[in-house]
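Descriptive structure summary
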Amino acid sequence: MRFDVVTLFPGLFDALLDFGISGRALDRGLFRFKAWNPRDFATDNYRTVDDRPYGGGPGMVMLAEPLDAAMDAIEAELQQDNIEAHVIYFTPRGRALDHAKVVELAKRPQLTLIAGRYEGVDERFLQRRVHEEISLGDFVLSGGEIPALAVMDAVIRQLPGSLNNAESALQESFVDGLLDAPCYTRPEVYRGETVPDVLMSGNHKAIERWRLQQRLKLTAKRRPDLLDKRGMSRAEKDLLDGKD
Ligand code: 9WO
């Protein structure tokens, strides 16, 4: 997997490259990363990347020219490895990101992630160069970098070799369509609150059943849409209703 990120703030991506599972995956060579700053492709002395919106209105709009020049440079570099760029732009008007989309993106050899700033990007660039638009949700951020980081993190976790057994288990826990069970660790009594007895029992069958029941209850309460989509077996319905 190769990530090419077009951003005015390349330093923001150190958070992903220098730490944690993604930093380890980079060190292991599981993916490559390159940031492309549109300011490096601006042709005027002031390295201008934005201008006032036609039609008036507040703020500035990102110029198409530096973005197109950056895309041309990316495509030229990818061509050396006979790779075609798959270009994603992050905006609230995009398709909502979900696990299925992450799995789909992780199968690609390369992702070009465009992080907009200011009030947006000249539509002529978006219409001509962007393959898909992705949203993290119905809210507005200061830039597309955080959504780009989120997509990269989620995609990296899908790459073979990026997760150890424990990390894979957590990943799987969401994949089966249920929210995760509550977790506890030392001390056994913390500020007067104890750990559920079943977790201290050593009865692994009972623990497994309790965790599934907690997951069903939590999902039914917080994300009934997930449960509707996933469905439940008769045994799970009984467990949820406490009949088991
Ligand atoms: C902002 C916006 C607001 C409402 C409807 C559509 C919209 N598009 C954009 C947009 O492209 N904004 C640019 C990127 C420039 C301003 C910062 N940007 C941004 C992206 N803010 N918030 C996002 C975003 C991306 C994905 N998921 C949620 C928010």
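Residues numbered from 1 in each chain as written. Predicted model: local features only at pLDDT ≥ 70, side-chain atom pairs only at ≥ 80, totals over all residues. Heavy atoms only, no water.

1. Notes on the site of the ligand
Taken together, 19 residues sit near the ligand, with Tyr89, Thr91, Tyr118, Leu136 and Leu141 positioned nearest. A distance of 2.9 Å separates a nitrogen atom of the ligand from a polar atom in the side chain of Thr91. Within the contact set of the ligand, a nitrogen atom lies 2.8 Å away from a backbone nitrogen or oxygen of Leu136. Protein chains bury 81% of the 580 Å² of accessible surface belonging to the ligand in isolation. Within the shell around the ligand, the residues separate by chemical class into 10 nonpolar, 7 polar and 2 charged. (Near = heavy atom within 4 Å. Polar contact = N/O pair within 3.5 Å; in protein donor to acceptor, adjacent residues only side chain to side chain. Areas by Shrake-Rupley, 256 points an atom, 1.4 Å probe, with all protein chains shown as cover. Nonpolar A, V, L, I, M, F, W, Y, C, P; charged D, E, K, R; others polar.)

2. A closer look at the domain arrangement of the protein
Split into domains, the protein comes out as domain 1 (2-158) and domain 2 (171-240). Relative placement of domain 1 and domain 2: their C-alpha centres are 37 Å apart. (Domains from an automatic or database assignment.)

3. Overview of the nonpolar core
Counting 24 residues, the largest nonpolar core has Phe3, Phe31, Leu111, Leu113, Met152, Val155 and Ile156 as its most contacted members. Broken down by secondary-structure element, the contributors of at least two residues to this core are β1 (2-6), α1 (14-17), β5 (87-96), α4 (99-106), β6 (110-114) and α6 (145-156). In terms of residue count, the dominant contributor to this core is α6 (7 residues). With sequence-adjacent residues up to four places away left out, Ile156 is seen in contact with Phe3, Leu16, Ser22, Ala25, Phe31 and Ser162. Membership of the second largest hydrophobic core comes to 19 residues, among which are Met71, Ile83, Val87 and Val130. (Core = buried A, V, L, I, M, F, W, Y, C linked by side-chain atoms within 4.5 Å. Buried < 20%, exposed > 50% of the residue type's maximum accessible area, 1.4 Å probe, protein only. Helix = DSSP H or I, 4+ residues; strand = E, 2+ residues; numbered from the N terminus. Contact = heavy atoms within 4.5 Å.)

4. Digging into the pairing of β6
Burial within β6 is extensive, with 5 of its 5 residues counted as buried. The side-chain alternation of β6 yields two buried faces, one formed by Gln110, Thr112 and Ile114 and the other by Leu111 and Leu113. Where β1 lies against β6, 5 bridges are found, and the strand directions are parallel. The residue bridging Arg2 from the neighbouring strand is Gln110, located in β6. Pairing between β5 and β6: 3 bridges, direction parallel. (Pairing = 2+ DSSP bridges.)

5. Concerning the pairing of β1
Buried residues dominate β1, accounting for 5 of its 5 residues. Burial along β1 is two-sided: Arg2, Asp4 and Val6 and Phe3 and Val5, pointing in opposite directions, are all buried.

6. Topic: the pattern of salt bridges
This structure, assessed with the given rule, holds 22 salt bridges. Of the charged contacts in the structure, one is a salt bridge between Arg93 and Glu123, with a shortest N-O distance of 2.9 Å. With Arg93 in strand β5 and Glu123 in helix α5 (residues 123-129), this residue pair connects regions lying 30 residues apart in the sequence. Assessed through its relative accessible area of 32%, Glu123 is described here as partly exposed. Salt bridges sharing partners connect three or more residues here, namely Asp68, Asp72, Glu75, Arg128 and Arg129. (Salt bridge = Lys/Arg side-chain N within 4 Å of Asp/Glu carboxyl O.)

7. Here we look at the sheet that holds β6
The strand order across the open sheet formed by 5 strands is β2-β1-β6-β5-β7, and the pairing between neighbours is parallel. Of all strands in the sheet, those with a lone pairing partner are β2 (32-36) and β7 (132-135), marking the two edges. Strand after strand, the sheet turns through a mean of 35° between neighbouring axes, direction not considered. Here β1 runs beside β2; their pairing, made up of 5 bridges, is parallel. The residue bridging Val5 from the neighbouring strand is Ala35, located in β2. Packed onto the sheet, helix α3 (residues 64-79) meets β1, β2, β5 and β6 and runs at close to 165° relative to β1. Most of the contacts of α4 go to β7, to which it runs at about 135°, and overall it touches β5, β6 and β7. (Axes fitted to C-alpha atoms, helices over the stretch in contact; angles between N-to-C directions.)

8. Things to note about α6
Over its 12 residues, α6 extends 16 Å from the first C-alpha to the last, a length consistent with the 16 Å expected when each residue adds 1.5 Å. Turning to α6, its buried residues number three or more, namely Glu145, Pro147, Ala148, Leu149, Val151, Met152, Ala154, Val155 and Ile156. (Expected span 1.5 Å × (residues − 1).)

9. Some points on the packing of α4 against α6
The angle between the axes and the distance between the axes are what describe a pair of packed helices. Put simply, α4 and α6 touch, their axes get as near as 9 Å, and they point 75° apart. Classified by the interaxial angle, the pair formed by α4 and α6 is roughly perpendicular. Contacts between α4 and α6 involve Val102, Leu105 and Ala106 from the former and Val151, Ala154 and Val155 from the latter. Looking at the contact of α4 with α6, its residues break down into 6 nonpolar, no polar and no charged. (Parallel < 35°, antiparallel > 145°, perpendicular 65-115°, else oblique.)

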